[in-house]
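Single-letter residue listing:
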Amino acid sequence: MSAANNLRSEDQFLCSICLDVFTDPVSTPCGHNFCKTCISQHWDLNQSCQCPMCKETFYTRPKLRVNTFISEMVAHSSEQQAAKPGEVPCDVCTGTRLKALKSCLVCQTSYCQTHLEPHLTVKRLKRHQLIDAVENLESRMCTKHDKLLELFCKTDQTCVCMLCPVLDHKNHEFVPLREEYEGKKAELEKTEAEIQQMIQKRRLKIQEITESVKMSKDAADRQKAEGVQVFTALMESVERRLKELMKEIEDKQETTEKQAEGLIKDLEQEISELMERSSEVEQLSRSEDHLHLLQSFSSLKAALPTKDWTEVRVHPPSYEGTVGRAVAQLEETVWKPTKKKLFEAELKRVQQHEVDVTLDPDTANPYLILSNDRKQVYHSYVWKNRPDNPERFSYYGMVLGEQSFSSGRFYFEVQVKGKTEWALGVATESINRKGKVTLSPRNGFWTVWLRNGNKHEANASPPVRLCLHPRPEKVGVFVDYEEGLVSFYDVGAAALIYSFTGCSFTHKLHPYFCPYMNQGGKNSAPLIICPVNQTESIND
């Protein structure tokens, strides 16, 4: 007997009263099976013991016995899971539909474990193509020819049946679905690898950003600690100098008061003596004794005080300039040394962002001479025959650095020693290179310069005059692209020359150099890009 005939229908496991899978299946004397609870309640309600199936009546309520065979079959069936939402249900099951394990592409049907058995045992069914259970099996059939989709048309990039190449896709290129599947699967694996690589890169970027935030916080904490230390020292110095100033003023006032007290004491002593003598004179003037008056007159006249108080004065001390001198002394002894230390520390920090800058010969004006290592540039009166490419400055004697920067921080140093005119800084890639230009941020230049040997200016809008004495011999240029900051330093003096702040950079930035004209040898010294020596400013 075939396995299909041996396969029991799921209906055999359903109670005819509740129409659900048996619970505690029991058999009546007539041979029919029900849930124990269902048949008991049925008989209680009808007040008679009649079989719901065959209508046989029992005059006494039969003793119900458990049907062990059905119980075992129900237990075996319950081991299979009912289809959950999102899972493929068996197309054969009635009542509770179990989860399908396989789908047959030939039968266009999905089967649970029980209903799949014929496809695993019957010879003709074993030739059917089984796949993991899927929904919408009809989508795997050709809508035109009602045949299984077995080929892939590479020309139209679509799945087709065996009739399509003959009827609708003539002269197209076809491959079996498995072959195209393997190719696409390989592409997906490659895509998956690329996605995983992208995920890894982004995780690394998160790690990098997190580390940057940590570094920023550490730097901020150091800066706050340094600021507290510096300003605490400054406040202590100011308070100490204020106390000294107050004491100096109070000492002067005390000396004045003591001087005044001494003079007043002397005057009061003389007043006392004069009042005593006045009394004697008054008494003598009333005397009627001629001889006594004449004999006493000379002694009274001679005893009068002789000190001339006309020119005696108390001169208040002069306080003019006292506060100014105290502030000047404070600046000289406290602020200047502190400021120098601060700028030395700041310079050392920005020098950590040193980049290797070389001059770009394709941008150099034809009057400029570049060294072989492209680290030096000076002006010559001899015109060099160079191609007039778009990058080249054709009007002014300018040249850009070969390197460009569109993010982060960078720093470089240039020796300007011996020159009477120069200009340095950074410029955007989009600047005008063929005509007259004004060095200003709105034209894409952030620069400082020396003109006429003594005029230093920051080329802002409007220009800012700079007081630099002595003249810098080496200038450092620092840029923080995201912060919008361009700062210039006198490297030898470890001093800040000028800072452009709040800049909005939208293009690549290049280092900018202009040695200006030779001036008959007065300005013949080259601009030299130097390696950073971080101990130089401290040793000088």
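Located above this text is the structure these notes cover.
What counts and how
Residues numbered from 1 in each chain as written. Predicted model: local features only at pLDDT ≥ 70, side-chain atom pairs only at ≥ 80, totals over all residues. Heavy atoms only, no water. Buried < 20%, exposed > 50% of the residue type's maximum accessible area, 1.4 Å probe, protein only. Helix = DSSP H or I, 4+ residues; strand = E, 2+ residues; numbered from the N terminus. Arc of directions from axis to C-beta. Contact = heavy atoms within 4.5 Å. Core = buried A, V, L, I, M, F, W, Y, C linked by side-chain atoms within 4.5 Å. 1 Å grid on protein atoms, 1.4 Å probe; cavity = no way out; pocket = protein on both sides within 12 Å on 5 of 7 lines; lining within 4 Å. Points joined across faces, edges and corners; volume = space filled by probe spheres on them. Nonpolar A, V, L, I, M, F, W, Y, C, P; charged D, E, K, R; others polar. Pairing = 2+ DSSP bridges. Salt bridge = Lys/Arg side-chain N within 4 Å of Asp/Glu carboxyl O.

Q: Explain helix 4 (residues 113-121) to me, and be specific about the residues and the numbers.
A: Taken as a whole, helix 4 has its buried residues at H115, L116, P118 and H119. Looking straight down helix 4, one finds that the buried residues subtend no more than 140° of arc, so they occupy a single side. Buried residues belonging to helix 4 abut strand 6 (102-104), strand 7 (109-111), helix 5 (123-126) and strand 8 (130-132).

Q: Tell me about the nonpolar core, and please be specific about residues and values.
A: Residues F500 and F513 are the most contacted members of the largest nonpolar core, which totals 37 residues. When neighbours within four sequence positions are excluded, F500 is seen to be in contact with P441, W446, T447, A458, N459, A460, G484, L485, V486 and F488. Formed by 13 residues, the second largest nonpolar core is a distinct cluster that contains L400, A427, I431 and C514.

Q: I'd like a rundown of the layout of surface pockets, residues and numbers included.
A: Estimates place the volume of the largest pocket at around 1100 Å³. In terms of lining residues, the largest pocket is bounded by 27 residues, among which A219, R349, H353, R409 and D480 are the most central. For the lining of the largest pocket, the elements supplying multiple residues, two or more each, are helix 7 (177-286), helix 9 (322-351), strand 20 (474-480) and strand 21 (485-490). For the lining of the largest pocket, the element with the most residues is helix 7, which contributes 11 residues. Across the lining of the largest pocket, the residue classes tally to 11 nonpolar, eight polar and eight charged.

Q: An account of the sheet that holds strand 23 (residues 509-514) is needed here, citing residue identities and associated values.
A: Pairing between the strands of a sheet comes from backbone hydrogen bonds, and it takes one of two forms, parallel or antiparallel. Spatially, the six strands line up as an open sheet ordered 14-23-16-17-18-19, and their pairing is antiparallel. Looking along the sheet, the strands with just one partner apiece sit at the ends: strand 14 (399-400) and strand 19 (464-466). Here six bridges tie strand 16 (residues 422-428) to strand 23, and the two strands are oriented antiparallel to one another. Bridging from a neighbouring strand, L424 pairs with F513 of strand 23.

Q: If you had to explain the pattern of salt bridges to someone new, which residues and values would you point to?
A: Between side chains of opposite charge, a pair can form as their charged atoms come close. Inspection of every chain in the model, using the stated rule, returns 25 salt bridges. Residues D132 and K102 are paired through a salt bridge, measuring 3.0 Å at the closest nitrogen-oxygen approach. Taken together, the residues D132 in strand 8 and K102 in strand 6 connect sequence positions 30 residues apart. Classification of D132 as exposed rests on a relative accessible area of 54%. On the accessibility criterion, K102 (29% relative accessible area) is partly exposed. E457 is paired through a salt bridge with K455; the nearest N and O atoms lie 3.7 Å apart. Each of K154, E180 and K184 takes part in salt bridges that share partners, so that together they form one network.

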